[in-house]
Amino acid sequence: RARLKPGERVITGMPQEQQVRRLLRQSDIDAAGDLLLKLIERVARQRNFSQADKLREWLIEIDPSGLKRIIQAAEIIDEEKLASIDRGHLEIWSDLYDLLAEEDFSTLYHCMHHRRYNDGELIVRQGQVYSRLFFINSGTVKFYFESEAGDVLIHTMGSGEIFGAAPFFEASSWTISIASVGKSELSLLRQESLKDWSEDHPGLEAKLRDFCQQFENIDKLLQEKGAERRQETRHPVSGRLQTILLDSKGRNTGISATVELGDISKGGISYLARIARKENVRLLLGRKVQMGLPLSAGETHIVTGDILAVRSVYAVENDYSLHVRFNKPLSKQELHQIVAQLKQSIKSFGE
């Protein structure tokens, strides 16, 4: 076994690495370089790219003039990195792949780590300093604002979208919270990766930043949310109707509830619902619901929407006020008919 010199460290622990050191002690640079190139190929095919890159750095150190081997080593590592990229990932991020050179995309992919999140699991908390860029591979995530009155849904994003550009590139804190709606799979990029790219991939950061501009702007979302909440007239209504919870693809989950109406506008509706388990309250935020609103005595208008907020009604235990934004706003005529029909129903009931 070849002894290590001061400052040397084991990279792979494989016998071939020890043999390279013995050859170097014998000053046989060519033989050591050839063997090291074979070891790089072996390690790269095992997809241990961190070790492969370190071995390539070692190859440059021991024989900086051996350009043919150095170039071969880089090509071997790059080819194996590309081959190891999940094909599904390539399809989801094809637009980004088209923007970047193969080597840059491979570098980006292998700097990421991948995580799965369960329904309702918190990804980022409001006020947190967490410099990560998030790539949504599958599922849906919700953006919401935490306040004393309750959580308010701002936005949702799905597969093929990126969030977190401002905290990532500008190192700011998060002004909203983000959680998974159902199960989701995300790829996370550390801010430290930008420093690693500065020498070998100097244009990658700028291209990635430009690509991210097409996605969410948190400050803009907050402004739009504030304007949206003020622009529509709300009409107080009464009565009961049944709501049905939908999954992310708009399918009936089989979960329904009878709720008490509060008010309605062209863009949404609010109602009271009883939620027995407090831990289920936040899980409702960002979910889709369906309900039938009466247009006339024999006609019902089916609407779907997203639950924007779930707020506790402090005077009554387990009662919550839910606020829903319609996926398709009501027309002025539809709203007038629904309000009139609900009022008529209450009047008839009283008589």
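Computed from a predicted model, the values in this text were never measured in an experiment. By convention here, each chain's residues receive numbers from 1 onward along its written sequence. Residue-level local features of this predicted model are given only where pLDDT is at least 70; pairs of side-chain atoms are given and counted only at 80 or more, and the full residue set underlies all totals for whole chains, interfaces and linings. Heavy atoms from the whole structure form the basis of all side-chain values; hydrogens and water molecules are not counted.

Just checking my understanding: could you explain the environment of His114 for this structure?
Secondary structure follows DSSP: runs of H or I at least 4 residues long count as helices, runs of E at least 2 residues long count as strands, and numbering of each begins at the N terminus. Tracing the sequence through the fold places His114 in strand 1 (residues 112-117). Residue burial is assigned from relative accessible area. The probe radius is 1.4 Å, only protein chains are included, and a residue is buried under 20% of its type maximum, exposed over 50%, and partly exposed in between. On the accessibility criterion, His114 (44% relative accessible area) is partly exposed. In this structure, the C-alpha to C-alpha distance between His114 and Leu189, residues 75 residues apart in sequence, is 9.0 Å. Any pair of residues with heavy atoms lying within 4.5 Å of one another is described as a contacting pair. The contact partners of His114, leaving out residues within four places of it in the chain, are Tyr109, Leu186 and Ser187. Within polar-contact distance, the side chain of His114 engages the side chain of Ser187 at 2.7 Å. By the criterion applied in these results, polar contacts are pairs of N or O atoms within 3.5 Å in which, for protein atoms, one can donate a hydrogen and the other can accept it, and in which residues neighboring in sequence qualify only through two side-chain atoms.

Explain a negative patch on the surface to me, please; I cannot follow it from the model alone.
A cluster of acidic side chains, namely Glu57, Glu61, Glu103, Glu199 and Asp200, defines a negative patch on the protein surface. For the negative patch, the secondary structure elements donating two or more residues are helix 3 (49-62) and helix 9 (192-200). Counting through the fold element by element, Glu199 comes out in helix 9. Patches here are clusters of residues that have more than 30% relative accessible area and form no salt bridge, with a 9 Å joining cutoff for like charges and a 5 Å cutoff for nonpolar side chains (Val, Leu, Ile, Met, Phe, Trp, Tyr). A 1.4 Å probe and the Shrake-Rupley method give the accessible areas. Residues count as covered only by the protein chains that appear here. Salt bridge, as used here: a side-chain nitrogen of Lys or Arg that lies within 4 Å of a carboxyl oxygen of Asp or Glu. His is not counted, nor are the chain ends, whereas Lys and Arg count as positive and Asp and Glu as negative. In plain terms, the charge of a residue is placed at NZ if it is Lys, CZ if Arg, CG if Asp and CD if Glu.

Which parts of the structure should I look at to understand the confidence of the model for the protein chain?
When pLDDT is low, close inspection of the predicted coordinates is not appropriate. A score from 0 to 100, pLDDT tells how confident the predictor is in each residue. Mean pLDDT over the protein chain stands at 84; residues scoring 70 or higher make up 89%. Mean pLDDT per element in the protein chain: helix 11 (residues 218-231) is the minimum at 60, and strand 2 (residues 122-124) is the maximum at 94.

Please explain the packing of aromatic side chains as it appears in this structure.
Any aromatic ring pair is given by two values, namely how distant the centres are and how the planes are angled relative to each other. Note on ring pairs: Phe, Tyr and Trp rings are taken, using the six-membered ring of Trp, and paired if centres are within 6.5 Å. Classes follow the plane angle, with under 30 degrees stacked, over 60 edge-to-face and the rest tilted. A full pass over the atoms with the stated rule returns 9 aromatic pairs. The interplanar angle of 85° and the centroid separation of 4.8 Å between the aromatic rings of Tyr97 and Phe105 together place this pair among those described as edge-to-face. With 6.1 Å between their ring centres and 45° between their planes, Tyr130 and Phe134 make a pair best called tilted. Accessibility expressed as a relative area gives 22% for Tyr130, which makes it partly exposed. An aromatic cluster of at least three residues, connected via ring pairs, comprises Tyr130, Phe134, Phe143, Phe163 and Trp174.

Just checking my understanding: could you explain helix 3 for this structure?
Because each turn of an α-helix spans 3.6 residues, side chains separated by three or four positions in sequence point in the same direction. An expected span of 1.5 Å times one less than the residue number is assigned to each helix. End to end, helix 3 covers 20 Å across 14 residues, agreeing with the expected 20 Å (1.5 Å per residue, within 8%). Taken as a whole, helix 3 has its buried residues at Phe49, Gln51, Ala52, Leu55, Trp58, Leu59 and Ile62.

Please clarify how the packing of helix 1 (residues 15-25) against helix 2 (residues 29-45) should be interpreted in this entry.
Relative placement of two packed helices is described by the angle separating their axes and the distance separating the axes. Remark: helix 1 packs on helix 2, axes separated minimally by 8 Å, with the N-to-C direction vectors making an angle of 165°. In this view, helix 1 runs roughly antiparallel relative to helix 2, as classed from their interaxial angle. When you trace helix 1 past helix 2, the crossing you get is left-handed. For the pair formed by helix 1 and helix 2, the contact residues are Gln16, Glu17, Gln19, Val20, Leu23 and Leu24 on the first element and Ile29, Ala31, Ala32, Leu35, Leu36, Leu39 and Arg42 on the second. Each residue is assigned to one of three groups, with Ala, Val, Leu, Ile, Met, Phe, Trp, Tyr, Cys and Pro labelled nonpolar, Asp, Glu, Lys and Arg labelled charged, and all others, Gly among them, labelled polar. Looking at side-chain class alone, the contact of helix 1 with helix 2 contains 9 nonpolar, 2 polar and 2 charged residues. Every axis corresponds to a line fitted to the C-alpha atoms, with the helix fit spanning only the stretch in contact, and the corresponding angles, defined between N-to-C directions, vary from 0 to 180 degrees. Oblique is the label for any angle not under 35 degrees, not over 145, and not in the 65 to 115 range, which are roughly parallel, roughly antiparallel and roughly perpendicular in turn. Put simply, a crossing is left-handed when the front helix is turned counterclockwise from the back one by less than a right angle, and right-handed when it is turned clockwise.

Explanation requested: the layout of surface pockets in the structure shown.
In this approach the atoms are scanned with a rolling probe the size of a water molecule, which exposes any empty space left behind. Only protein atoms enter the 1 Å grid used here. Points where a 1.4 Å probe fits but cannot escape make up a cavity, open sets with protein on both sides within 12 Å along at least five of seven lines make up a pocket, and a residue lines them when an atom lies within 4 Å of a point. Grid points are joined across faces, edges and corners, and a volume is the space filled by probe spheres set on the points. Roughly 770 Å³ of internal volume is contained in the largest pocket. As for the largest pocket, its lining consists of 22 residues, of which Asp53, Glu57, Lys81, Asp200 and His201 are closest to the centre. Residue contributions to the lining of the largest pocket peak at 7 residues, all from helix 3. A class-by-class count of the residues in the lining of the largest pocket yields 6 nonpolar, 5 polar and 11 charged.

So what exactly am I meant to see when it comes to the pairing of strand 13 (residues 319-326) here?
Buried residues dominate strand 13, accounting for 7 of its 8 residues. The criterion for strand pairing is that DSSP finds at least two bridges linking the strands in question. Both strand 10 (residues 268-274) and strand 13 contribute to a ladder of 7 bridges, which runs antiparallel. When the bridges of strand 13 are listed, Gly268 appears paired with Arg325. Inspection of the sheet shows strand 12 (residues 299-312) paired to strand 13 by 7 bridges, in the antiparallel sense. Looking at strand 13, one finds that Val310 is bridged to Leu322.

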